[in-house]
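Letter by letter, the chains look like this.
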Amino acid sequence: MARVLTPRAEDFPRWYQDLIAKAKLADNGPVRGTMVIRPAGYAIWERMQAEMDARIKAAGAENAYFPLFIPESYLKREAEHVEGFSPELAVVTHGGGKPLAEPVVVRPTSETVIGEFMAKWIDSYRDLPLLLNQWANVVRWELRPRIFLRTSEFLWQEGHTAHATREDARAYARRILHEAYEDLMVNVIGIPVVVGLKTKRERFAGATATYTCEGMMGDGKALQLGTSHELGQNFAKAFDISYSSKEGGREHAWTTSWGTSTRMLGGLIMAHGDDNGLRVPPRLAPIQAYVMIVKDGDGVGEAAAKLRDALRDAGVRVALDDRTDTPFGRRAVDAELRGYPVRVEVGPRDLAVGNATVVRRTDGSKTPTPVADVVTAVLAALETDQQVLHDQALAHRESRTVEVSTLAEAIEAAATGWARVPWSAVGVAGEAEANGQGVTVRCLLRADGSVPDSEDEPDLVAILARAY
């Protein structure tokens, strides 16, 4: 396999690009910074999308859709927001061959346009909470693109809500953080995440608080996998999102926003991939079991088709590879690259003694298994290997995270992994110093690991790391 992929230990960025290309997950688009997501990659995104969508709806939000083009004046209403996004904006100045009366921005995120309609739709406290989500593409002009991680156009979901009180808004932002984001990342994608509060320097433009899920990648760097924001009343005042209270007065709403994107695909690759390719956790995998005909004849094709049907009937997402005109070795390498959790190899030799071979992607083990027992063996492997991938990622994170007491030690530790350091030993000045050396404060935690309300709380712990 070394001839197919650059070894991770030799050149991690090159390995990442090799894997995306060889597994046919995506390609670079024709405009610098854009990407084409190929069917193999999009199938995984669809699974992420379905799992996330179900969790968002369980939290009470409804899907809607808002325009791609946003009047430039909308962004300018919230000064901190436009200042935060100005370097990334794509602006349209002409349409239909004529200059536009007002330039329009290709959405970098939709707080402003959704705020405009929230103001229109909300009148009374009875209209609250208003819980919206949209699945869309956004554009942020990226100077240093990398497929899935940072591209000028990417796919995501963005939730936007309005509430009667600050407490309700905070509770909902945290509900999404834990019940949608953390749950999906840990229990489906298999990435153990640290959930915490962003510092003022790192939080979303226009927010009063940003909560984050941070995962450690195979090279020890951090990846922000999803964020949930309290927006206070900043956007509500800018767009007059107000309501008549029970007491008859007029009050501004409290709003939130939250998002995850195709960056999760990059996280999946870098957290679970190995030198043989992608490893997809079974609960996420579009194809959980891949039945392969090694060589046709002697009833092999019929036996393989029956195994496929039996697995499908057992609730397994299964595919059959009967391309015997392509060498089996090449097909096996492709299956490894794609990260199918389990392969079931059916050939004349094994079938002659009533067996098929069950191959597990997590460890490469190959087990001759009676045909009658294949379904049971596959179901057991899928259940076990979901946990195996999570536990391996957790062990990796723990082995590359060190407890330190000073900023200097934290910056040094960030060369190979994460540092846990008292926030009081870093502070605002120390954070700026760390940033100057390519190290960021990924998030702040309480001593017990819970999420703080403010960076001013005493005895907080900071996670410092280099990041994507």
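The preceding data block contains the structure.
What you see is a predicted model; the values in this text were computed from it and never measured.

1. Topic: the sheet that holds strand E6 (residues 98-106)
Think of a sheet as strands paired side by side through backbone hydrogen bonds, with each pair either parallel or antiparallel.
Now for step 1: A sheet is described by the order of its strands in space; here three strands give the open sequence E4-E6-E5, paired in antiparallel fashion. The sheet is open, and its two borders are formed by strand E4 (69-71) and strand E5 (90-95), each paired with just one other strand. Sheet twist, expressed as the average angle between the axes of neighbouring strands with direction ignored, equals 50°.
Now for step 2: Summarising the sheet, E4 and E6 pair through three bridges and their orientation is antiparallel. Directly across from isoleucine 70, in E6, lies its bridge partner valine 105.

2. Some points on the nonpolar core
Now for step 1: Counting 61 residues, the largest nonpolar core has Leu25, Met48, Phe148, Ile189, Met264 and Ile269 as its most contacted members.
Now for step 2: Residue contributions to this core peak at eight residues, all from helix H6 (residues 166-187).
Now for step 3: When residues no more than four places from it in sequence are discounted, the contact partners of methionine 48 are Leu184, Ile189, Met264, Leu265, Leu268 and Leu284.

3. Section: the packing of helix H2 (residues 39-58) against H6
Now for step 1: In the contact formed by H2 and H6, the axes pass within 10 Å of each other and the chain directions differ by 150°. Here H2 is positioned roughly antiparallel relative to H6, judged by the angle of their axes. Note that H2 runs across H6; the crossing there is right-handed. On the side of H2, the interface is formed by Met48, Glu51, Met52, Arg55, Ile56 and Ala58, while H6 contributes Tyr172, Arg175, Glu179, Ala180, Tyr181, Asp183 and Leu184.
Now for step 2: Looking at the contact of H2 with H6 residue by residue, the classes come out as eight nonpolar, no polar and five charged.

4. Regarding helix H14 (residues 427-435)
An α-helix turns once every 3.6 residues. As a result, residues three or four positions apart point the same way.
Now for step 1: For H14, the set of buried residues is Gly427, Gly430, Glu431 and Ala434. The buried side chains of H14 occupy one side of the element, clustering within an arc of 105° when seen end-on. Those residues of H14 that are exposed and angled more than 90 degrees off the buried face are Val428 and Ala429.
Now for step 2: Where the residues of H14 are buried, they touch helix H13 (407-413), strand E22 (440-445) and strand E23 (461-465).

5. Some thoughts on a negative patch on the surface
Now for step 1: Together, Asp296, Asp298, Glu302, Asp322 and Asp325 line one region of the surface with negative charge.
Now for step 2: On the secondary structure map, aspartate 296 appears in the loop between strand E15 (289-293) and helix H9 (300-313).

6. Focus on the packing of aromatic side chains
Now for step 1: Within the structure shown, the criterion is met by ten aromatic pairs.
Now for step 2: Ring geometry for phenylalanine 117 versus tryptophan 121: centroids 5.8 Å apart, planes at 50°, classification tilted. Here the residue phenylalanine 117 and the residue tryptophan 121 both occupy positions in helix H5 (residues 111-121), the gap between them amounting to four residues, near one helical turn.
Now for step 3: Look at phenylalanine 117 and you get partly exposed, because its relative accessible area is 28%.
Now for step 4: Feature note: the residues Phe66, Phe117 and Trp121 constitute an aromatic cluster, connected by ring pairs.
Now for step 5: Above the ring of tyrosine 74, the side-chain terminus of arginine 77 is found at 4.8 Å from the ring centroid.

7. Some words on the sheet that holds strand E17 (residues 342-346)
Now for step 1: In spatial order, the strands read E16-E15-E17-E18-E19; together these five strands make up an open sheet with mixed pairing. Looking at strand neighbours, the two that pair on one side only are strand E16 (318-321) and strand E19 (366-370), the edges of this open sheet. Mean inter-strand twist for the sheet, computed between neighbouring axes without regard to direction, equals 25°.
Now for step 2: The pairing of E15 with E17 spans five bridges and is parallel. When the bridges of E17 are listed, isoleucine 293 appears paired with valine 346.
Now for step 3: Here H9 sits on the sheet in contact with E15, E16, E17 and strand E18 (355-360), set at roughly 170° to E15.

8. What about the pattern of salt bridges?
Now for step 1: Counted by the stated rule, this structure contains 27 salt bridges.
Now for step 2: Between aspartate 453 and arginine 170 there is a salt bridge; the shortest N-O distance is 3.7 Å. Of the two residues, aspartate 453 is situated in the loop between E22 and E23 and arginine 170 in helix H6; the sequence distance between them amounts to 283 residues.
Now for step 3: Take aspartate 453: its relative accessible area is 31%, and that puts it in the partly exposed class.
Now for step 4: Between lysine 198 and glutamate 214 there is a salt bridge, and its shortest N-O distance comes to 2.8 Å. Of this pair, lysine 198 sits in the loop between strand E9 (193-197) and strand E10 (209-216) while glutamate 214 sits in strand E10, and the two are 16 residues apart along the sequence.

9. Regarding the environment of glutamate 431
Now for step 1: Relative to the helices and strands, glutamate 431 is located in helix H14.
Now for step 2: Along the chain, glutamate 431 and alanine 253 lie 178 residues apart, while their C-alpha atoms are 33 Å from each other.
Now for step 3: Separated by 2.6 Å, the side chains of glutamate 431 and threonine 199 make a polar contact.

Basis of the calculations
Residues numbered from 1 in each chain as written. Predicted model: local features only at pLDDT ≥ 70, side-chain atom pairs only at ≥ 80, totals over all residues. Heavy atoms only, no water. Pairing = 2+ DSSP bridges. Helix = DSSP H or I, 4+ residues; strand = E, 2+ residues; numbered from the N terminus. Axes fitted to C-alpha atoms, helices over the stretch in contact; angles between N-to-C directions. Core = buried A, V, L, I, M, F, W, Y, C linked by side-chain atoms within 4.5 Å. Buried < 20%, exposed > 50% of the residue type's maximum accessible area, 1.4 Å probe, protein only. Contact = heavy atoms within 4.5 Å. Parallel < 35°, antiparallel > 145°, perpendicular 65-115°, else oblique. Left-handed = near helix turned anticlockwise from the far one by under 90°. Nonpolar A, V, L, I, M, F, W, Y, C, P; charged D, E, K, R; others polar. Arc of directions from axis to C-beta. Patch = residues over 30% accessible without salt bridge, like charges linked within 9 Å, V, L, I, M, F, W, Y side chains within 5 Å. Areas by Shrake-Rupley, 256 points an atom, 1.4 Å probe, with all protein chains shown as cover. Salt bridge = Lys/Arg side-chain N within 4 Å of Asp/Glu carboxyl O. Lys, Arg positive; Asp, Glu negative; His and termini not counted. Charge placed at Lys NZ, Arg CZ, Asp CG, Glu CD. Phe/Tyr/Trp six-rings, centres within 6.5 Å; stacked < 30°, edge-to-face > 60°. Lys NZ or Arg CZ within 6 Å of the ring centre and 35° of its normal. Polar contact = N/O pair within 3.5 Å; in protein donor to acceptor, adjacent residues only side chain to side chain.

That is the geometry; function is a separate question.
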